[in-house]
Amino acid sequence: MKYQALELQLDDTQVTPTFIEQELPQLAADQVTVKVAYSDINYKDALTLNSRSGVLRQYPQVPGVDAAGTVIASTSANFKVDQKVLLIGFDLGISWPGGYAEYITVPAKWLVALPENLSLQEAMWYGTAGFTAALSVRALLKYDFPLDAPLLVTGATGGVGGWATAFLHQLGYTDLTVVSRNPAASDYLHELGATNIVTPDELADARHKPLQKQKFVGVVDAVGGDLLAEILPQVSYSGIVALSGNAGGNKLATTTLPFILRGIRLQGIDSVSYPAAKRVAVWQQLATDFKPDNRALLHHAIIDFNELPTTLAEFMNKKHQGRTLVSL
Ligand SMILES: NC(=O)c1ccc[n+]([C@@H]2O[C@H](COP(=O)([O-])OP(=O)(O)OC[C@H]3O[C@@H](n4cnc5c(N)ncnc54)[C@H](OP(=O)(O)O)[C@@H]3O)[C@@H](O)[C@H]2O)c1
């Protein structure tokens, strides 16, 4: 059977998205073919259009690191035809044909059965961003902070930071400062659960002292770079920063002082290779106690497959809020 996929083709340094027709492959052992209902756009997906970003090592490639849909064929005892499933990360859309296609054929061990109380659309509304936010919030929850503990979230107009803000609000946290460079997003961020909004400049200490007033016990950071360097000196004694992103760069210029004098922790968060066996529990939380009553407030746009090349190309430069889903 033939189906449509969006393929990225490389000519010198120029990457061009092109719709192609593909034939469904024969299933190998423990593989599953899924009819994709929704995919989405993550920061990483947008980077695939930049051949110098290093996200893709080879072109041509069908991108799309997330997909959710219905099983149409399976050689795995764990997944049956007509079952609804979701997949984020692993090699999907990086070195394996990705979710920007009407069908994907993938190793069964990458798939998660769609939890009850979650639709395919909601699964991709979360996608890699929501999953990463959940891992970050889980990292904070290990420290049993009281509900009025001062917390900080960066990149909150985006996917990871937006979901982290919504999850923390849902869990009852009442002192949520978020960082945004966009003053126009203030109402949106308050609706998501932010109680205080600051710009990166307002957060920064002009003297860049290595130890500053202890302001935040827990931080979800999706930006990294210079902003993280400003945050670390403001983390309270024994506090934790769950770092997932590098939207602000991947270099970190800091000192050891907050670590050795305040015992703070910097925990890296990785969604891509997060063990398959542990994913079910995270998705279960996303379908239950993390699932925000106010999730409709986290902006999402749903685009058609044929709009994807344009939307993907604009993703980095055009201001967007929340999540962008792709309907297949
Ligand atoms: N570790 C993992 O497994 C994992 C998984 C998912 C994503 N990520 C990473 O997490 C980051 C966020 O991903 P996303 O999908 O949420 O992206 P996104 O939707 O584009 O959101 C990123 C947000 O970060 C803020 N931002 C961007 N550049 C900035 C800068 N130079 N300084 C300060 N703030 C900046 C923007 O907010 P304002 O415009 O409001 O300031 C933007 O809304 C990316 O670096 C992505 O690669 C990592």
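That block above? That's the structure.
What counts as what
- Counting starts from 1 at the beginning of each chain's written sequence and moves along it residue by residue.
- Under the rules for a predicted model, residues below a pLDDT of 70 receive no local features and side-chain atom pairs below 80 are neither given nor counted, while totals for whole chains, interfaces and linings still include all residues.
- Heavy atoms throughout the structure, all of them, feed into the side-chain values; hydrogens and water do not.
- A single heavy atom is enough: if one lies within 4 Å of a molecule or strand, its residue is considered near that molecule or strand.
- Pairs of N or O atoms within 3.5 Å make up the polar contacts considered here, provided that, within protein, one atom can donate a hydrogen while the other can accept it, and that residues adjacent in sequence are counted only when both atoms are side-chain atoms.
- Reported accessibility uses the Shrake-Rupley method at a 1.4 Å probe radius. Residues are deemed covered only where the shown protein chains occlude them.
- Each helix corresponds to a stretch of at least 4 residues labelled H or I by DSSP, and each strand to a stretch of at least 2 residues labelled E; elements are numbered beginning at the N terminus.
- Just so you know the grouping, Ala, Val, Leu, Ile, Met, Phe, Trp, Tyr, Cys and Pro go in nonpolar, Asp, Glu, Lys and Arg go in charged, and all remaining residues, Gly too, go in polar.
- A domain assignment, automatic or from a database, supplies the domain bounds used here.
- With a 1.4 Å probe rolled over the protein chains alone, any residue whose accessible area is under 20% of its type maximum counts as buried; one over 50% counts as exposed, and the rest are partly exposed.
- Residues are treated as being in contact if the distance between any of their heavy atoms lies within 4.5 Å.

Draft legend 1. Just the site of the ligand, in detail. Around the ligand, 22 residues are found, and the nearest of them are Thr157, Val160, Ser180, Ile269 and Ser271. Asparagine 246 places a main-chain nitrogen or oxygen 2.9 Å from an oxygen atom of the ligand. The backbone of serine 271 places a nitrogen or oxygen atom 2.8 Å from an oxygen atom of the ligand. Coverage of the ligand by the protein amounts to 85% of the 900 Å² it exposes when considered alone. Contributing elements (two or more residues each) for the shell around the ligand: α2 (120-141) and α3 (159-170). A per-class count over the shell around the ligand returns seven nonpolar, 13 polar and two charged. There are two domains that each give the shell around the ligand at least three residues, and those are domain 1 (2-114 + 298-327) and domain 2 (129-268).

Draft legend 2. Looking closely at the environment of leucine 189. As for its position among the elements, leucine 189 is in helix α4 (residues 186-192). Residue leucine 189 is classed as buried on the basis of its relative accessible area of 0%. Contacts of leucine 189, omitting those with residues within four sequence positions, involve Ala156, Thr157, Val178, Ser180, Ala194 and Ile197.

Any link to function would need more than the numbers given here.
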